[in-house]
Amino acid sequence: MDVSKTLGAGSRSNGNKGKGKQVGDQEAMELMESLREKEVHTGFIANLMMGNYKSLSPFPLQPESDQRLADEWLSKFSKFLTENVDPNKIDADGDMPEEMIEGLRKLTAFGIKVPKEYGGLGFSQSNYRRAATLFGSWCGNLSALLSAHNSLGATLPLMKYGTDEQKRRWLPKLASGAISAFALTESGVGSDPSKMRAYAQRVYNSKGEIVGYRLTAEKLYTTNAVRRDNVALADLVIVIARVVDDPKELDTKGAKKKYGLFVVEKEMPGYKVGKRCHFKGLRSIFNGETFFKDVELSPNELIGPDGDGLEIAFKILTIGRLTIAAICEGALKQALRITCWWAKNRVQFDREIGKHELNSKRIVDMASKVLVLEAVSHWCSSMIDKNQDIRIESGASKIISTEILWESLMDLFMIRGGRGFETYYSLQHRGETPVAVERMLRDCDINLIFEGPNPIMRMMVAREGLAEYIWRGMKMTDPKNPASLVEKTKIGLWFLKQYAKNIRPGSSLTRKFGGHKAFMTVEAKKLVRDFITASLYHQDKMKYKELIMENIANRGIDMFEMSLVLSWAEAHPERPMIKELAEYYCRGKREKLYPTSFVSWMSKGTHSSVYKLASRIMDGEAGWLTDGIMPMELPNVEKNK
């Protein structure tokens, strides 16, 4: 029941029975399994997938004293964005002005999380979230530049795993504006690091001590690395490579794979950049090829222990993904603001288009999804500040935020009609209020792939959430170390016990008619029973049943969303409409997952409330829904405040 294979690139074809393919699959599985953190998961989703639903109340709010530490800087940053960052020109030019980047340096925008002792702002994750929401609401290209540096790049690896000497050497440079990049992907390696060809050959002295490394690699899609063809942007590049004594190990079957996390400076001999990549969206992202040919590195350029590089990279990605959630929160709030403005001011068939029921539903859906993204972004950031376990929830937050933003921007696109397809400068040229919905759509697509494609993240959520079951299933079916009859009996009895304790009388009635928390209490237990049933049926083939694992992951993520929304609403009773929107969202989830009869839905379904809720939202009753973002100039928008 090992599903770690699904964390690799692509799916295994059941029709391919080739021995080489099976060996490759097994190799990838074993590597991914070895990289898993062995510490038992204690987060919400892990408990849920053991059949234990626990409310997320009280919600872990950011302390006001911590908020005040960032208020003044955020005000300056907002003013800088208004005066110096033109997202549409940046998109059209495919480049960012040097004076803008220099302005960001002066604001310490490249040192948001760097501790003050090294010259940074020293902000908490919660305050960094506020900054990311702000720039996420304004410019996708700027978001990529700042997030790749502050969330990945060199900053976090050095802060979390660097030695005191490494921190003193590089953190002040980063805080003052040295830009960093993160090189993991290769042309033949996406999500399956077992195929990585980059390597760092150990260099020994006469005593057999490691005195350095010789790095050789060709990396692709390195964000922040390439200003233009053959011209570097990043001053520091974090590189993941296999650590070997002899390059021949790359092609040795069965060789234990170890990885290193290295810092390469722009001036180092042997390092160069190649072509800059150009994409459908994020047209000013400084992304491209990076090449490392016999780059001589000392042990001081290795972050963390020799061999732990990939594990460290995965841990950094866990925190880095939270920035995507904050960026999506900002973009979604901006989208809602545009939607309400257009839906109230555009009239068709003698009515505001927001008062046509189909559009009313789009508006209420979008507003309730803002509630979800606020909740997930705030909760995850607060939990990081409290050093709590959110390894699984981080992946779930990335899935939730990116897919909700994409869905909502499609709703905005439908409401804007032809103007949603028309470019900013075309609208401006014709004398209309220019709103770049088409740019927002282009820029958001990549979020579904950034820092782990969502299908693979779903497999991770399922794999980690079900770790207790999968570990025992692996022992039961391991061909290399087959379990004895006694061991198999014990494992079988454990599964039977888990199944039995997750049966509750009256479950179906509770799931249909109970409150949301009662519903999730019962649904968590059904989720366990369904997974055990599937595992018994498929046994050792379960590792290839990605659609079953996706189903399990989706159900867990749905309950995570519902729990967050309910807890967030309880924490903010002073906000108008918040409880109504939370109720709407949770009821909508249940309608989708477990539809009632048509007659019942027709009389009591969520659709019956969309007209009134949308009218109130358009009239600005829930103005808090667009807090914390950049103000976009829109005519007659005062009516919607």
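Scroll up to find the structure this text is about.
Colleague: What is the right way to look at the overall build of the protein in this model?
Modeller: Within the protein, the secondary structure is distributed over 24 helices and 12 strands. The C-alpha atoms of the protein give a radius of gyration of 26 Å, which matches the 26 Å a tight globule of 641 residues would have. In terms of overall dimensions, the protein has C-alpha extents of about 85 × 65 × 50 Å along its principal axes. For the protein, the proportion of its 641 residues judged to be buried stands at 57%. A sequence separation of at least 24 residues applies to 77% of the contacts in the protein between residues at least 6 apart. Counting only carbon and sulfur atoms, one obtains 54% of the accessible surface of the protein, whose full area is about 27400 Å². Counting 94 positive and 80 negative side-chain charges, the protein places the centres of these two groups 5 Å from one another.

Colleague: What is the right way to read the layout of surface pockets from this model?
Modeller: The method is simple in principle: a probe with the dimensions of a water molecule rolls over the atoms, and the space it marks as empty is what remains. In this model, the second largest pocket occupies a volume close to 660 Å³. Together, 26 residues line the second largest pocket, and E407, D558, Y585, K589 and K592 are the ones closest to its centre. If you list the elements that add at least two residues to the lining of the second largest pocket, you get α11 (357–385), α12 (391–416), α21 (546–571) and α22 (578–593). Among the elements that line the lining of the second largest pocket, the one with the most residues is α22, at 7 residues. Across the lining of the second largest pocket, the residue classes tally to 8 nonpolar, 6 polar and 12 charged.

Colleague: Would you take a moment to explain the packing of helix α6 (residues 125–136) against α11 for this structure?
Modeller: Packed helices, taken two at a time, are described by the angle between their axes plus the distance between the axes. Contact geometry of α6 with α11 gives a least axis separation of 8 Å together with a crossing angle of 145 degrees. Facing α6, whose interface residues are Q125, S126 and R129, α11 presents S377, H378, S381, S382, I384 and D385. In terms of residue class, the contact of α6 with α11 is made up of 1 nonpolar, 6 polar and 2 charged.

Colleague: Just to check I follow, could you spell out the side chain of T223 for this structure?
Modeller: Within the secondary structure layout, T223 lies in strand β3 (residues 210–223). Judged by relative accessible area, which is 15%, T223 ranks as buried. Other than its neighbours up to four places away in sequence, T223 contacts A144, A148, A181, F182, I285, F286 and N287.

Colleague: Explain the nonpolar core to me, please; I cannot follow it from the model alone.
Modeller: Soluble globular proteins tend to bury their nonpolar side chains together. Counting residues in each nonpolar core, the largest one holds 149 residues, and the members touching the most others are L215, V461 and F560. With 18 residues, the top contributor of residues to this core is helix α10 (residues 309–345). With residues up to four places along the chain from it excluded, the contact list for F560 reads F44, I45, L56, V376, W379, E393, A396 and I400.

Colleague: Would you mind showing me how to read unusual backbone geometry here?
Modeller: For residues besides glycine, phi is generally negative; the peptide bonds are generally trans as well. Here the bond from S57 into P58 is cis, since omega is -5 degrees, no more than 30 degrees from zero. Relative to the elements of secondary structure, P58 occurs in the loop between α2 (44–48) and α3 (64–84). Even without a glycine there, the phi angle at D294 is positive, about 50 degrees. Within the element layout of this structure, D294 appears in strand β9 (residues 287–297). On the basis of relative accessibility, which here comes to 36%, the residue D294 falls in the partly exposed class. A positive phi is found at D350, a non-glycine position, where the angle reads about 65 degrees. Tracing the backbone shows D350 in the loop between β11 (347–348) and β12 (351–352).

Colleague: It is not clear to me how empty space enclosed by the protein should be interpreted in this structure. Could you clarify?
Modeller: For the coordinates displayed, the defined rule picks out 1 cavity of 30 Å³ or more. The space that makes up the largest cavity amounts to roughly 40 Å³. Listed by contribution, the elements that provide at least two residues to the lining of the largest cavity are α6 and α11. In terms of residues, the lining of the largest cavity owes the most to one element, α11, which gives 3 residues.

Colleague: Which parts of the structure should I look at to understand helix α16 (residues 454–465)?
Modeller: Structurally, the α-helix is built with 3.6 residues per turn, so residues lying three or four positions apart point the same way. Here α16 spans 16 Å end to end across 12 residues, near enough to the 16 Å set by a 1.5 Å rise per residue. Within α16, 11 of the 12 residues are buried, leaving the element largely enclosed by the surrounding structure. Buried within α16 are the following residues: N454, I456, M457, R458, M459, M460, V461, A462, R463, E464 and G465.

Colleague: Could you clarify how one ought to interpret the packing of aromatic side chains in this entry?
Modeller: In this description, a pair of aromatic rings is defined by centroid distance and the angle of the planes. Considering all chains together, one arrives at 17 aromatic pairs under this definition. With 5.9 Å between their ring centres and 55 degrees between their planes, Y221 and F279 make a pair best called tilted. Here the residue Y221 occupies a position in strand β3, and F279 occupies one in the loop between β8 (271–276) and β9, the gap between them amounting to 58 residues. According to the relative accessible area criterion, Y221 is partly exposed, its value standing at 44%. Counting every residue linked through ring pairs, the aromatic cluster contains F44, Y53, W379 and F560. The aromatic ring of W342 is capped on one face by R416, whose charged end is 4.5 Å from the ring centroid. Here the guanidinium or amino end of R472 rests over the ring plane of W494, the centre of that ring lying 3.9 Å away.

Colleague: What is the right way to read the pairing of strand β7 (residues 259–265) from this model?
Modeller: A regular strand carries its side chains on alternate faces of the sheet. Counting buried positions over the 7 residues of β7 gives 7, a clear majority of the element. Residues Y259, L261, V263 and E265 of β7 are buried on one face, and the alternating residues G260, F262 and V264, pointing to the opposite face, are buried as well. The sheet contact formed by strand β6 (residues 236–244) and β7 spans 7 bridges and is antiparallel. From the neighbouring strand, I238 faces β7, where its bridge partner is V263. Sheet analysis places β7 next to strand β10 (residues 302–307), joined by 2 bridges and oriented antiparallel. Residue pairing for β10: L261 is matched across the bridge by I303.

Colleague: Can you help me understand the environment of K604 in this one?
Modeller: With respect to the helices, strands and loops of the structure, K604 is situated in helix α23 (residues 598–604). Taking relative accessible area as the criterion, K604 reaches 61% and is therefore assigned exposed. With 16 residues separating them in the primary sequence, K604 and G620 have C-alpha atoms 26 Å apart.

Colleague: Can you walk me through the state of the cysteines in this structure?
Modeller: Note on terminology: disulfide describes a covalent bond linking the sulfur atoms of two cysteines. A complete count under the given rule lists 0 disulfides for this structure. Not engaged in a disulfide, the cysteine C277 finds its nearest cysteine sulfur in C139; these two sulfurs lie 19 Å apart. Exposure remark for C277: the relative accessible area of 14% places this residue in the buried category. Distance from the sulfur of C380, which forms no disulfide, to the nearest cysteine sulfur (C328) is 13 Å.

Colleague: I would appreciate a short explanation of the pattern of salt bridges in the present structure.
Modeller: Where charged atoms from two side chains of opposite charge approach closely, those side chains can pair. Taken as a whole and judged by the stated rule, the model has 44 salt bridges. Across the pair R430 and E422 runs a salt bridge whose closest N-O atoms are separated by 2.8 Å. E580 is paired through a salt bridge with R616; the nearest N and O atoms lie 2.7 Å apart. One end of the pair, E580, is in helix α22; the other, R616, is in helix α24 (residues 610–618), and 36 residues separate them in sequence. Put simply, D95, E98, E102, R105 and R227 are held in one network by salt bridges that share partners.

Reading the values: rules and limits
Residues numbered from 1 in each chain as written. Predicted model: local features only at pLDDT ≥ 70, side-chain atom pairs only at ≥ 80, totals over all residues. Heavy atoms only, no water. Helix = DSSP H or I, 4+ residues; strand = E, 2+ residues; numbered from the N terminus. Rg over C-alpha atoms; globule rule 2.2 N^0.38 Å. Buried < 20%, exposed > 50% of the residue type's maximum accessible area, 1.4 Å probe, protein only. Contact = heavy atoms within 4.5 Å. Areas by Shrake-Rupley, 256 points an atom, 1.4 Å probe, with all protein chains shown as cover. Lys, Arg positive; Asp, Glu negative; His and termini not counted. Charge placed at Lys NZ, Arg CZ, Asp CG, Glu CD. 1 Å grid on protein atoms, 1.4 Å probe; cavity = no way out; pocket = protein on both sides within 12 Å on 5 of 7 lines; lining within 4 Å. Points joined across faces, edges and corners; volume = space filled by probe spheres on them. Nonpolar A, V, L, I, M, F, W, Y, C, P; charged D, E, K, R; others polar. Axes fitted to C-alpha atoms, helices over the stretch in contact; angles between N-to-C directions. Core = buried A, V, L, I, M, F, W, Y, C linked by side-chain atoms within 4.5 Å. Expected span 1.5 Å × (residues − 1). Phe/Tyr/Trp six-rings, centres within 6.5 Å; stacked < 30°, edge-to-face > 60°. Lys NZ or Arg CZ within 6 Å of the ring centre and 35° of its normal. Pairing = 2+ DSSP bridges. Disulfide = S-S within 2.5 Å. Salt bridge = Lys/Arg side-chain N within 4 Å of Asp/Glu carboxyl O.

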